[in-house]
Amino acid sequence: MKRLSHILMSALLLLGSSAGAQVPAPKPATNPALDAYASAAYSIRLTDGRTMHLTCMGTGSPTVILTAGLGDWGVSWGLVQPDIAKHTRVCAWDRAGFGLSSPSKAPQTVDATVADLEAALRRGRITGPYVLVGHSMGAYETLRFADRHRVQVVGMVLVDPSFPDQGARFARELPAFTSAGAEYEAGGLRAMRHCADLVAKPDHSSTEIGRCVKYPADFSPLLRATITALSYDPRRFATQVSLSESFDRSSAMMVDPHRRYGAMPLRVLTASDGPDLPPDLVAARAELPRMAAIWGAEHDRLAALSTIGTNRIVDGTSHYIHRIKPERVVAEVDAVIDAARAKSPRK
């Protein structure tokens, strides 16, 4: 039942990569620009000794904060962040156990991940005002941070977002789809636990570890080497498992009937295409029209959190809109930045 936002619009992708969930690479060649996500220039030491990592580019205000979906990290914004940086300062952050961030012992609910983000911004002196951008489950941190820092948050873009109470709603209304998702996730979590056990053994082989660390085709050699080196830590895999296992709990925690954002510039982007389910999932396929109706209606509800919010379908896209049509995401973020500046011309 967990991780359904990720499964929903990305063809039932499995967990099992410390480099993040696998998505179709937009280019067959490696992308040297992704070296920026291997730099520790913005790694921030927290009071408990852990490191939270951000990748920041550009200058100006408001500061854009990019939050990746479940199983992903800052590098997932690699096709949009450099262009947003032409407009203002923009920082992508890595949750605990992902990217260059340290693992964590805490259950990885939305409150724990947002607390890490808050601490990183505070200790790194990355000040507001903020425009928040969240993909998939990253919408949870985006909404929670906005709830806690309403004055500092001046705009928001949600990219094919998960919605509050999604886990319970899908379980009630999409039983076949939920069951299929649970089976896929169970396999992915078993693989990740196996990897945690594997790297904990002193006699593990590099070949075996190689099966645990996979990358999109466009990862640069430096980025591959950086993530591989970090992956020899079983706590990293355990933290990633915790995030996935906490999805339903986080989904329930996000319910707030009193959430309102006034006239905040808010854009929701909805993918036009649903998941391409395997042929054997006949029962789940039959539920796709209902799933699409729920997805669209809940995105309308998220947009309505602002009196000027909009929900727009992006034609020719599936769940990873920011990788399939990055220019569309950049345009929406730039528009929200301009609207926020027009309302409060702080530089």
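Residues numbered from 1 in each chain as written. Predicted model: local features only at pLDDT ≥ 70, side-chain atom pairs only at ≥ 80, totals over all residues. Heavy atoms only, no water.

1. So, the overall build of the chain
Logical step 1: Summing up its helical and strand segments, the chain has 14 helices and eight strands in all.
Logical step 2: Sorting the 347 residues of the chain into buried and exposed places 57% on the buried side.
Logical step 3: Summarising the internal contacts of the chain: among those between residues at least 6 apart in sequence, 81% fall at separations of at least 24.
Logical step 4: Here the chain displays about 13,600 Å² of accessible surface, and carbon together with sulfur accounts for 56% of that area. (Helix = DSSP H or I, 4+ residues; strand = E, 2+ residues; numbered from the N terminus. Buried < 20%, exposed > 50% of the residue type's maximum accessible area, 1.4 Å probe, protein only. Contact = heavy atoms within 4.5 Å. Areas by Shrake-Rupley, 256 points an atom, 1.4 Å probe, with all protein chains shown as cover.)

2. A short note on the pattern of salt bridges
Logical step 1: Tallied over the entire structure, the rule returns 18 salt bridges.
Logical step 2: The partner of E173 in a salt bridge is R169, and the shortest N-O contact between them spans 2.7 Å. One end of the pair is E173 and the other is R169, both in helix α5 (residues 166–173) and four residues apart, which spans about a single turn.
Logical step 3: Its relative accessible area of 27% is what places E173 among the partly exposed residues.
Logical step 4: Looking at R169, the relative accessible area reads 18%, which means it is buried.
Logical step 5: One network of salt bridges, in which partners are shared, links R169, E173, R290, E298 and R301. (Salt bridge = Lys/Arg side-chain N within 4 Å of Asp/Glu carboxyl O.)

3. Observations concerning the pairing of strand β7 (residues 266–271)
Logical step 1: Judged by how many residues are buried, β7 sits mostly within the fold: six of six residues are covered.
Logical step 2: Along β7, one buried face is formed by L266, V268 and T270 and the opposite face, lined by R267, L269 and A271, is buried too.
Logical step 3: As judged from the four bridges shared by strand β6 (residues 153–159) and β7, these two strands associate in the parallel manner. By the bridge assignment for β7, V157 is matched with R267. (Pairing = 2+ DSSP bridges.)

4. Focus on the state of the cysteines
Logical step 1: The full count for this structure, using the stated rule, is one disulfide.
Logical step 2: Residue pairing for C56: its cysteine sulfur links by disulfide to C91, the two sulfurs lying 2.1 Å apart. Taking the sign of the S-S torsion, 115° for the link of C56 and C91, the bridge is right-handed. Note that C56 is positioned in strand β2 (residues 51–57) and C91 in strand β4 (residues 90–94), a separation of 35 residues in sequence.
Logical step 3: Accessibility expressed as a relative area gives 11% for C56, which makes it buried.
Logical step 4: Since its relative accessible area comes to 0%, C91 is described here as buried. (Disulfide = S-S within 2.5 Å.)

5. Quick look at the pairing of β2
Logical step 1: The element β2 is extensively covered by neighbouring structure, given that seven of its seven residues are classed as buried.
Logical step 2: Side chains T51, H53, T55 and M57 project from β2 onto one buried face, and the interleaved M52, L54 and C56 project onto a second face that is buried too.
Logical step 3: Relative to β2, strand β1 (residues 43–45) runs antiparallel, the two sharing three bridges. Bridge pairing links I44 to M52 in β2.
Logical step 4: Sheet analysis places β2 next to β4, joined by five bridges and oriented antiparallel. Across the sheet, the residue bridging to M57 is V90, located in β4.

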